[in-house]
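Structural overview for review
Residue-level listing of the chains:
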Amino acid sequence: MSALLETRGLSLGYGGQLVMRDVNLSVMRGEIVTIVGPNGSGKSSLIRACIGALKPAKGQITRMSGLKIGYVPQTLAIDSTLPLTVARFLGLPRRISARRAEAVLAEAGVPGLGNRQMRDLSGGQFQRVLLARALLDAPDLLVLDEPTQGLDQPGSAAFYQQIENVRQQTGCAVLMVSHDLHVVMAASDRVLCVNGHICCEGTPEIVASAPEYRALFGTGTRGALALYRHEHSHSHGPACEDDHGHDHGHHGNEAAE
Amino acid sequence: MLDDFMVRAALAGLGVALAAAPLGCFVVWRRMAYFGDATSHAAILGVALALALDVPVFGGVLVIALAMALALTVLTGRGVGSDALLGVFAHAALALGLVAVSFVPTVRVDLMGYLVGDILAVSSGDLVVIWTGAVLASALIAWRWSALLSATLSPDLAQAAGLNPRREHLVLTLALAVTVAVAIKVVGALLIAALLIIPAAAARPLARTPEAMAVAAMAIGAGSALGGLMLSFALDTPTGPTIVSLAAAVFCVTQVMQTVHG
């Protein structure tokens, strides 16, 4: 089975300065892949490249033909001069009926918000509306960039539960950036630990025990958020080095198709 | 009917106001006020060019406004401190245009006419140009409406939905240049940006959706154009500035209404 999305030797940068180099990443149908890394590690750039908003400085990105991506951005600053109801927002760029809007809002766990102004929503409601919009086109791949930023613990736990539900119902793959390490460890099929490049990659268990991961996040995964002190020139341990070698023929995802 | 200068003036004002309003909404939403300023101030440079080369003023203004808007897009896209940069461009374009006009030897140029407009002198030929441009700009905006709105809300979201935000920005730039070119006769280079921004800003408190805001802005713009024309006739004041003053008065009213209603 071919990947939904695959990068080969991908390097990313802004104005000549590289923030990410030599990334080989692939996302298969139905799997949840999570990217973790400290601030400024290039996570968001990688996400933006995957949705096509950032052109590769080097290397290439291959998307399955006809791939439908649902994107949930980190934040969405809506200018105060722009009046926008939730229903209208859902109909961008393609208009949808009021009934469809109501249905997808209910699906995302926020029924009855259609007539509210986007700017009047709470943080949790806003993120769910963004999720609802991303789900509208029945995407093959859901891409989320720190979707629970600004939510409290129960709020983000509920949000990730929703994403897991969506995956089970629709079978879409999920590629996300997250800061909530313990959630990541529980909910992901595969974790990518990045810091300007892919430091290590694998199942949550493998990554959690990798020295690169520990160098970035400390030894305890519970509540251990990003440590900002880390070495850029660490050596790769053998446990994680073969991230290009095992070629993604992993887990039971293929069997599930 | 078109023989009456007042009828021609009214039609010219209506055409420009109706085209400028939806475009103005995007200028407001995207915080491009200075961008609009710089582009419309460059119109004076276009006037000088057209007079020097003996080509129609509309053409000269269109070319220069387009060049200015494209140059600004490239420069601000590279992250040069855009607020100050746009300010520099807006005023430099105006000053340069005024200097350039003074070099045009053949005609004694009626500068005031190009700065604040000369709507009462609109000819039938002007009217055709104005409405052609206005319909063109409006059609462009209407055609790309949803895509423009998506790109305005978030370039990344638009990109993920398969749109190209840069292309949408170019569409907006083109519509802006056309509008500036047809508006110079009506309100003049100094006040074109006002006709873009003020009706849209005045419409904001009245609207719950982007479309409603655009329609309200069109109504306010058209009302200001017609009302301003009549007022200027009654009070013997310059027409372009009177139109803009009336729009500003409506802005004050809707702001107060919003404050009162909470």
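Definitions and limits used
Residues numbered from 1 in each chain as written. Chains lettered and ligands numbered in written order. Predicted model: local features only at pLDDT ≥ 70, side-chain atom pairs only at ≥ 80, totals over all residues. Heavy atoms only, no water. Helix = DSSP H or I, 4+ residues; strand = E, 2+ residues; numbered from the N terminus. Buried < 20%, exposed > 50% of the residue type's maximum accessible area, 1.4 Å probe, protein only. Contact = heavy atoms within 4.5 Å. Areas by Shrake-Rupley, 256 points an atom, 1.4 Å probe, with all protein chains shown as cover. Buried area = accessible area lost by both parts, 1.4 Å probe. Salt bridge = Lys/Arg side-chain N within 4 Å of Asp/Glu carboxyl O. Polar contact = N/O pair within 3.5 Å; in protein donor to acceptor, adjacent residues only side chain to side chain. Nonpolar A, V, L, I, M, F, W, Y, C, P; charged D, E, K, R; others polar. Phe/Tyr/Trp six-rings, centres within 6.5 Å; stacked < 30°, edge-to-face > 60°. pLDDT = per-residue confidence, 0-100. Expected span 1.5 Å × (residues − 1). Bend = angle between axes of the 7 residues up to and from the residue. Pairing = 2+ DSSP bridges. Axes fitted to C-alpha atoms, helices over the stretch in contact; angles between N-to-C directions.

This next bit is on the overall build of chain A. Tallying secondary structure elements over chain A gives ten helices and nine strands in all. Burial analysis of chain A (257 residues in total) assigns 55% to the buried set. Within chain A, contacts between residues separated by at least 24 positions form 68% of all contacts whose residues are at least 6 apart in sequence. Accessible area for chain A stands at about 11,100 Å²; split by element, carbon and sulfur atoms hold 49% of it.

What follows concerns the interface of chain A and chain B. On the chain B side, the residues contacting the 27 residues of chain A number 22 residues. When chain A packs against chain B, the two sides together hide about 2,200 Å² of surface, and 57% of this comes from carbon and sulfur. As a salt-bridge pair, B:Glu211 and A:Arg95 come within 3.6 Å of each other at their nearest N and O atoms. Between chain A and chain B we count ten residue pairs in polar contact (both at pLDDT 80 or more) in total. Secondary structure elements with two or more residues in the side of chain A that touches chain B: β5 (69–72) and α2 (86–90) of chain A. Taken together, the residues that form the side of chain A that touches chain B break down as 14 nonpolar, six polar and seven charged.

Right, let's get into the packing of aromatic side chains. All names here are of chain B. The tally for this structure, following the rule as stated, stands at four aromatic pairs over all chains. With centroids separated by 5.1 Å and ring planes inclined at 70°, the aromatic side chains of Phe 26 and Trp 145 adopt a geometry described as edge-to-face. Taken together, the residues Phe 26 in helix α1 (residues 5–29) and Trp 145 in helix α7 (residues 145–153) connect sequence positions 119 residues apart. Each member of the pair, Phe 26 as well as Trp 145, carries the same accessibility label: buried. Ring centres of Trp 29 and Trp 145 lie 6.2 Å apart, and the angle between their planes is 75°; on these two criteria the pair is classed as edge-to-face. Of this pair, Trp 29 sits in helix α1 while Trp 145 sits in helix α7, placing them 116 residues apart in sequence. Considered together, Trp 29 and Trp 145 belong to a single accessibility category, that of buried residues. In this structure an aromatic cluster arises from ring pairing among Phe 26, Trp 29 and Trp 145.

In this section: the confidence of the model for chain B. Overall, the predicted model of chain B reaches an average pLDDT of 90, with 95% of residues at or above 70. Across the whole predicted complex the pTM is 0.83, and at the interface the ipTM reaches 0.86.

All names here are of chain B. An ideal rise of 1.5 Å per residue puts 30 Å on 21 residues; helix α2 (residues 33–53) measures up with 31 Å between its terminal C-alpha atoms. Approximately 25° is the largest bend angle found in α2, and it occurs at Ile 44. Two residues or fewer after α2 comes Asp 54, characterised by a positive phi angle close to 60°.

Take the sheet that holds strand β3 (residues 32–36) of chain A next. All names here are of chain A. Reading across from one edge, β5-β6-β7-β3-β8-β9 is the order of the six strands in this open sheet, with mixed pairing throughout. A strand with exactly one partner marks an edge of an open sheet, and here the two such strands are β5 and β9 (198–202). Sheet twist, expressed as the mean angle between neighbouring strand axes with direction ignored, is 15°. Sheet strands touched by helix α4 (residues 123–135): β5 and β6 (141–145). Its angle to β5, the strand with the most contacts, is close to 170°.

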